[in-house]
Amino acid sequence: MAQALAIDGRQDFITTKGRQISRLKCDDDSIAGAVSQRACVYCGARVVLNPITDAIHLVHGPIGCASYTWDIRGSLTSGADLYRNSFSTDLKERDIIFGGEKKLAAAIDELVAKYSPKLVFIYSTCIVGVIGDDLEAVAKAAANRHGIEVIPVQSSGFAGNKAAGYRAACDALFRLTAPATPAEAALAGKDRSINYLGDFNLAGEAWIIRDYLAQIGVDVNVVFTGDASYGELKKATRARLNIMQCAGSMAYLASQLEETYGIPYMRVSFLGLADTADSLRRIAAAMGGGDLSRRAEELIARETAAVQPVIDSYRAKLAGKKAAVYVGGGFKAISLIKQFRELGIEVVMVGTQTGRKDEYETIDSLVADGTVILDDANPAELEKFMAEKGADLLVGGVKERPLAYKLGRAFIDHNHDRKHPLSGFAGAVNFAAEVYSTLCSPVWRQAKTGGDLNG
Amino acid sequence: MLDATPKEFNERTSGGMINPAKTCQPIGAMYAALGVHGCLPHSHGSQGCCSFHRMHLTRHFRDPVMASTSSFTEGASVFGGGANLKTAIKNIFQIYNPEIIAVHTTCLTETIGDDIPSIIKEADIPEGKVVFHANTPSYQGSHITGFSNMTKAMVGYFAEASAAIKKEQVNLIPGFVNPGDMREIKRIAHLMGAPFIMFPDTSGVVDTPMTGEFVMFPKGGTTLGELGDSGNSKLTVALGRFASSDAAEALAKKCKVPAVTLKTPIGIKATDALVMALRRAFVREVPWELEEERGQLVDIMTDTHFHFHGKKVAIFGDPDIVTGLAEFAVSLGMAPVHVLTGTPGGAIGSDVGSFEEDIAAIVGQAGLKANIKAGGDLFTLHQLIKNEPVDLLIGNTYGKYIARAEDVPFVRVGFPILDRSVHSYLPVVGYRGAMRLIEMIAGALLDRQDRDAADEDFELVM
Ligand code: SF4
Ligand code: SF4
């Protein structure tokens, strides 16, 4: 498949650390004809907003866009589960010709009558962008009719990639916010409450972090958007501080909240022991230090003592292995590089779908010479570099899993299909256990000798 | 509990879907195109659609699914996608080097009205390479329509009546089924001694063995030569009216190959029909192997009939599969009380209502009545089940929400199955497929009986 690299214009999307000054092209659209792994604006917006549990997520478009995103993400809920249903206006030829606004309005009415939600998101898909339905107007009228919030999500797919969808989701979320009343604000000061941005509660990850912060004495006001409800989101501006994990999806919202409501934000990461400890320390300090910091140190010491020996035992078995990372955002890639290092595993190939320039610079500074860095890889590239660099394990999403397996490589899903929480101290152990169980499974022995009965 | 569905029926008139039982045309077209050897499906539209379709197919088959996209941008949506498609075709041959590109459209390119045949004509196609296309607007039909359209396009582009007399061979159009099913249909044709051309044929493409290598264009798939030669066959057997009959009719028209449309051969009756059709055309005796298999199946049915008799079952999924399952359920003595497909009812191009009529005839023959719905969604099915509970639910993965909410045993058959593996390798068609279905259904019912039995009723022998 080496000829695959002859693709015109792809060279700029790939770099090898140490061989050239990296000026990786990224955040661009895929090349026409590519077997691209990239998703669309709607997909980006949907995955960010979907975890809001008590909202109606109504997809305005033909059926497919809704079918593929039905319960797409393993976000857990402690309350409502309305979000796990799939709602679509199922546009037909007539609607394409005459416009879909009436159908959309009727669908909203019907759903409101059935489920009495307080919040309805209506997602625009590519086709809606072309036929020109006025989602704003339909949303406004429906909101007035029912006395609820109906928020249009401008997520027509062709106007960019997933990153543009994150932005559209942030816009929608921002529209939900309102200034805190003085009484609320006063309460917030006392409560030491913060918002946690960029955790989607996959496999219950946000609950782990919520629990850590509670132990320190910090109250999580609302998580954007894991296990969030309408009521919680409305109270977002009470918080004193925003902490942000997935910056790729949430940076825009964080800066909007800072600009408009004066809530400062800081970036955190709960992937791996070092990042988790560091983040907890910084949060405690930002919230006033003192007792908080003391409790944070106690928590870190307690948890580290509990998990370090386990991590070390895995490290002994895994040291020297090589990993390839192909994930959605740059920030996650950075965390993964560090986390693999804690396990004695070197990352020899790093790619992302939506990584930004500054993130690629950080990646470049983190990895060893010779590591391949690439933006929006196609399968042939993934194969070539995994083979060339001798990666034993691939971290990726849905479409990469069978590819890795075909190549006889271990695999970890660090995306929607993750099986265990990977955040915090407990998550670091889960991660190590998952890496171990896939890398050291006996099936690879069969895989190496299989297929050749005549050999 | 994961259940937001109310029991009371309120009329729904908006035309919106709640928990769909179908998806869009292009994914069906993509799957059909994968069944052509050396073919790369190409999605003409935004990159998102292609990404979703590949993801969904990948989750179902657990094999790499390759397809490319025109990667639309804002400009393309305004000025048309001709330039994108031409660039795409050039890039694809240069980078991935398939034998064939199968272009399908998406909602977006259908709406802006790209004229695909003209664009293909103007495209830079290397010597010996081929590009063909099907229009697949998702605002009509379902993924089954898309499969049908792409299969029909194979006929339109490639089939040729080049021989003076028709050859002793049969065209088998399997419909939207798993590679395991296609293999079983081919095995039956083989046992019958009928030379055949199956198209599309995804066996060997999305069920490839592990070799330690990633092969972009695996060994399987109908070859271009076979597609061309299909015009010389003396018979086409289309399995499943919704997914296969259009292509068969097109072949009859274009190359004068007589066509019969049969049910997807699920269960004893539909499999008999396939075997008989092959026997009639090739004047051969049914071989003992098949007689034996059939006899074994009947033996199993008699051995187990008391588990099934009078059990109420709800069946949903793609129309051809559901029709086969309903017929088999009836022949086991079960009562299909709710039967639903998300695909609109009429066979494409024919009068609406044939799904409903087919099912009504099947249950009617057994003196039963059922709630039958085409173009329905799983919200409706759930409501039906709440109002008339069932002992068993059969359908694709999405049925698990209903099965859990209503605490009903659940057997997974159809597309997509996202939460279990191996299903795509093993058949539900043919006599052996029927045995497998019995094992699955009886297993689900008896596991439930064991689970719920009081100590004194808990039995060793069942
Ligand atoms: S836009 Fe159309 S083709 Fe694309 S995913 Fe949606 S329904 Fe399918
Ligand atoms: S039509 Fe647009 S929004 Fe829908 S899946 Fe395709 S790219 Fe995404």
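Conventions we followed
Residues numbered from 1 in each chain as written. Chains lettered and ligands numbered in written order. Predicted model: local features only at pLDDT ≥ 70, side-chain atom pairs only at ≥ 80, totals over all residues. Heavy atoms only, no water. Helix = DSSP H or I, 4+ residues; strand = E, 2+ residues; numbered from the N terminus. Buried < 20%, exposed > 50% of the residue type's maximum accessible area, 1.4 Å probe, protein only. Contact = heavy atoms within 4.5 Å. Patch = residues over 30% accessible without salt bridge, like charges linked within 9 Å, V, L, I, M, F, W, Y side chains within 5 Å. Areas by Shrake-Rupley, 256 points an atom, 1.4 Å probe, with all protein chains shown as cover. Salt bridge = Lys/Arg side-chain N within 4 Å of Asp/Glu carboxyl O. Domains from an automatic or database assignment. Buried area = accessible area lost by both parts, 1.4 Å probe. Near = heavy atom within 4 Å. Nonpolar A, V, L, I, M, F, W, Y, C, P; charged D, E, K, R; others polar. Pairing = 2+ DSSP bridges. Right-handed = clockwise from strand over helix to strand, strands pointing away. Core = buried A, V, L, I, M, F, W, Y, C linked by side-chain atoms within 4.5 Å.

Attention now goes to the overall build of chain A. Per the secondary structure count, chain A includes 19 helices and 14 strands. Taking all 455 residues of chain A together, 60% fall into the buried category. In chain A, 73% of the contacts between residues at least 6 apart in sequence involve partners at least 24 apart.

Now for the environment of Ala404 of chain A. Tracing the backbone through its elements, the reader meets Ala404 of chain A in helix H17 (residues 400-406). Those residues in contact with Ala404 of chain A that lie beyond four places of it in its chain are Leu394, Arg409, Ala410 and Phe411 of chain A.

On the surface, Val422, Tyr425 and Leu426 of chain B cluster together to form a nonpolar patch covering roughly 260 Å² of accessible area. Tracing the backbone shows Leu426 of chain B in the loop between strand E14 (410-412) and helix H17 (430-452).

This part is about the domain arrangement of chain B. Residue and element names in this part refer to chain B. The domain boundaries assigned to chain B delineate domain 1 (25-158), domain 2 (167-286) and domain 3 (289-457). Computed over C-alpha atoms, the centres of domain 2 and domain 3 are 24 Å apart. If you look at the interface, domain 2 gives 31 residues, while domain 3 gives 41 residues. In total, about 3000 Å² of surface goes out of reach between domain 2 and domain 3, with carbon and sulfur atoms giving 62% of it. Area buried by domain 2 at its contact with domain 3 is led by Phe242, Ile266 and Ile268, which between them contribute 27% of it. Counting across the domain 2 and domain 3 interface gives 4 salt bridges.

Around ligand 1, a shell composed of Pro62, Gly64, Cys65 and Tyr68 of chain A together with Cys24, Pro26, Cys49, His53, Thr106, Cys107 and Ser138 of chain B is seen. Lying at an intersection of chains, ligand 1 is approached by residues of chains A and B. Mapped onto the shell around ligand 1, the elements with two or more residues apiece are helix H2 (63-67) of chain A together with helix H2 (47-61) of chain B. Looking at the shell around ligand 1 residue by residue, the classes come out as 7 nonpolar, 4 polar and no charged.

In this section: the site of ligand 2. Of all residues adjacent to ligand 2, which total 10 residues, the nearest are Cys40, Cys65 and Cys126 of chain A together with Ser46 and Cys49 of chain B. The local environment of ligand 2 is shared, drawing residues from chains A and B. The element that contributes the greatest number of residues to the shell around ligand 2 is H2 of chain B, accounting for 3 residues. Considered class by class, the residues forming the shell around ligand 2 number 6 nonpolar, 4 polar and no charged.

Residues and elements named next belong to chain A. Alternating positions in strand E12 (residues 372-375) separate into two faces, Val372 and Leu374 on one and Ile373 and Asp375 on the other, with burial throughout. Relative to E12, strand E11 (residues 346-352) runs parallel, the two being bridged by 4 bridges. Paired with Val350 across the bridge in E12 is Ile373. The parallel pair E11 and E12, bridged by helix H15 (residues 357-366), forms a crossover whose chirality is right-handed.

All right, on to the environment of Ile63 of chain A then. Relative to the elements of secondary structure, Ile63 of chain A occurs in helix H2. As for Ile63 of chain A and Ser86 of chain A, which are separated by 23 residues in sequence, their C-alpha atoms are 10 Å apart. Non-local contacts of Ile63 of chain A, meaning those with residues more than four positions away in its chain, are made with Ser88 and Asp90 of chain A together with Met17, Pro20, Lys22, Thr23 and Cys24 of chain B.

Of all hydrophobic cores here, the largest spans 149 residues; its most connected members are Phe121 of chain A together with Met150 of chain B. Here this core gets 9 residues from one element, more than from any other, and that element is H17 of chain B. Residues within four places of Phe121 of chain A in sequence aside, it is in contact with Leu49, Ile52, Ala55, Ile56, His57, Leu58, Ile151, Val153, Ala172 and Leu176 of chain A. If you look at the next biggest cluster of nonpolar residues, it comprises 60 residues, including Val218, Val220, Tyr314 and Val327 of chain A.

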